[in-house]
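Observations on the three-dimensional arrangement
Next come the chains, spelled out residue by residue.
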Amino acid sequence: MSEVNPFYLATFVIYLTIILLIGGWAYLKTNTVDDFWVYGKDLGPTLATWSFVANFVSSVSVIGFIGAVYADGYSIMTGVIFGLMLGIGCLYFVIDKVRNIDKFTLPDIIAEVTGSQRARPIAGVVLLANAWIYLIMQLTGAGLLVTTITGVPYEYMIWVIGGVFIIYTVLGGLVSVAWTDLLQGTLMVVMITLALAYMILDIGGIAATNAQFAAINPGLVAPLGDGVYTVIGAIAGIIAFFGTVFTEQNNIVRISATDSVKTAKIHIAAAGVILSIMYALLILLGGATTVALYNAGLNVENVDLAFPVLITEYLPTTVGIFIILAILSGILSTTDTRLHSCGITTARDIYDYFDPNASDQRLMNISRVSTIFFGITATAIAVDPPGTILELYAWRAVLLTSAFLLPVYLALYKRDIPGEAIVLSIIAGAVLGMGWDLLEAPLGFPAVFVGLSAAALALAIGNVAWGSSPAPTPTAD
Amino acid sequence: MTVLGMPLEMFLVFVATILAGSIGAIHYVIVHIILGRPIEEPLTDQTAAGRPVENE
């Protein structure tokens, strides 16, 4: 175990205290279930933009991506980040469709386009699984980082972090999440920019950094890496991550939570610009991290530890504190959002289906109890997590994109597709996409291609089989 | 050929990524600010819990 660094530990404690105070304040502002779920549908452009930015940048981004750059170079920009940014750019264009049908969660939208309320709990379970896996990833990243930099053992630190984010999310729902996101998002962007500036100056300029990075291995600065991606593999990655932007419950909830369509458009448009520039800077920071560690003779076995090792072994403490703030911001802002999504999905998409007459107060209580339950179980799993952060990240991308992207969004634009065909397509995409992924993509054919092909085929077959059915109308079951 | 110390192809991936993320912003500026096309605001008739909005 490394020694406890009092400066880093104090920074961490102060940070968590501020976040908890915001949670307490948000509790006083949260009176209805609409406040808890969607900020009373009153999110303005600034809050919505920074909330989207902060939620989007996670431990996967700051620890996983920098670790990936350390291992495989800038190719992650091609196979993952380009797809994500294209997804945000294109999400802007479906805002009208999402707002026009006046629904608040992805299962709500699916129920609308399939004409069957039964689709709500089914889709809800898939989304719940996704959000829960994401929670585990975030906690794993947070625990790993904070343990490395503060010296406090991982098994204790994971429960401290888990406890804090559960408390403030339970207290104030999206009010807590949005206001802490505003603080976290701005901190993160500023600190990552400053960290990169420091590293670039330390190494001798951006061109010198990239030249030294390429000198370690020319494949590190190749778009497809040194055999990291085939062309088809890169395309599959782009599609898979593109799809997650459209199928994440929290993105749909945020669009619904804004005070107008205009705000919804502005927040996605602005967040796209901020995030794409920030990710470019982050990946360059990964290159600078690799060069610095290489020059200092610091070898890292677990790539997820590349950035934490840079902070503890290479950077002066004052600079390290700024970077820690940025990373903590990224991790906690994503964690609270996914936890909040778990609460909404359980109460709105699953519980409300079985008890449609539940009062708003009961739905809010169900949200809070499920938030605690999923938070605690995710923390328990994160004590001994399965796989690396990036492996889990790719797995859920295949699931979401294969199951939901094609049938749901096609149905939004072509409302005469039979509901049965959409349900069949969702099931076929999920089962074959995930199945192919679990078989480790035989024949070198990417799982997301199999999932999307299955979804398209099922949609075509379903359209022929049930094509004479009338256009879907939501049932009141 | 290198740009900022990286091969041109890699540099173009960085540029393409920033452009991809900015598609929405470019559209908003051109269509809604420069051309002045208004944004339609649909009426909301239910709460997040799916209940009808009460008229004040």
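Everything quoted here is computed from the prediction, not taken from an experiment.

**Details of the overall build of chain B**
When helices and strands are counted, chain B shows two helices and two strands. Along chain B, helices and strands appear, N-terminal first, in the series β-β-α-α. Within chain B, the fraction of its 56 residues that count as buried is 25%.

**Focus: the nonpolar core**
Residues and elements named next belong to chain A. The biggest cluster of nonpolar side chains holds 189 residues, and the ones touching the most others in it are Ile 192 and Ile 283. Per element, the largest residue contribution to this core is 23 residues, and it comes from helix α9 (residues 154–203). When near neighbours in sequence (up to four residues on either side) are disregarded, Ile 192 contacts Met 278, Leu 281, Leu 282, Leu 285 and Ala 326.

**A closer look at unusual backbone geometry**
With a phi angle near 50°, A:Ala441 is a residue other than glycine that sits in the positive phi range. One can find A:Ala441 in the loop between α18 (419–438) and α19 (447–466). Overall, A:Ala441 belongs to the partly exposed group, with 17 C-beta atoms counted inside 10 Å. Phi is positive for B:Leu4, close to 55°, though the residue is something other than glycine. Residue position: B:Leu4 is located in the loop between β1 (2–3) and β2 (6–7). On the basis of neighbour count, B:Leu4 is assigned to the partly exposed category, with 15 C-beta atoms found within 10 Å.

**Describing α9(A)**
Along an α-helix, a turn takes 3.6 residues, which lines up residues three or four apart on a common side. Residues and elements named next belong to chain A. For α9, built from 50 residues, the straight-helix expectation of 74 Å at 1.5 Å per residue is missed by more than 12%, its first-to-last C-alpha distance being only 32 Å. The principal kink in α9, of about 120°, is found at Gly 172. Following α9 by one or two positions, Gly 204 adopts a phi angle in the positive range, close to 120°.

**Here we look at helix α5 (residues 75–91) of chain A**
Residues and elements named next belong to chain A. Between its first and last C-alpha atoms α5 spans 24 Å; for 17 residues at 1.5 Å apiece the expected length is 24 Å, and the two agree. Most pronounced at Ile 81, the bend in α5 amounts to some 45°. Burial within α5 is extensive, with 16 of its 17 residues counted as buried.

**Side note on the UniProt feature "transmembrane region" (unreviewed entry) in chain B**
Within this structure's numbering, the places UniProt gives as "transmembrane region" (unreviewed entry) are residues 12–35 of chain B. Strand forms 0% of residues 12–35 of chain B and helix 92%; the C-alpha atoms that close the span are 30 Å apart.

**Observations regarding the interface of chain A and chain B**
Listed as interface residues are 48 residues of chain A and, on the opposing side, 29 residues of chain B. Those elements that provide at least two residues to the side of chain A that touches chain B are α2 (33–38), α5, α6 (95–100), α10 (206–216), α13 (261–295) and α16 (360–382) of chain A. At 14 residues, α13(A) tops the list of elements feeding residues into the side of chain A that touches chain B. Of the residues belonging to the side of chain A that touches chain B, the class tally is 32 nonpolar, eight polar and eight charged.

Conventions and cut-offs
- Residues numbered from 1 in each chain as written.
- Chains lettered and ligands numbered in written order.
- Predicted model: local features only at pLDDT ≥ 70, side-chain atom pairs only at ≥ 80, totals over all residues.
- Helix = DSSP H or I, 4+ residues; strand = E, 2+ residues; numbered from the N terminus.
- Buried ≥ 20, exposed ≤ 12 C-beta atoms within 10 Å, placed from the backbone.
- Core = buried A, V, L, I, M, F, W, Y, C linked by C-beta atoms within 7 Å.
- Contact = placed C-beta atoms within 7 Å.
- Expected span 1.5 Å × (residues − 1).
- Bend = angle between axes of the 7 residues up to and from the residue.
- UniProt positions renumbered as here; feature names shortened; annotations may be inferred.
- Nonpolar A, V, L, I, M, F, W, Y, C, P; charged D, E, K, R; others polar.

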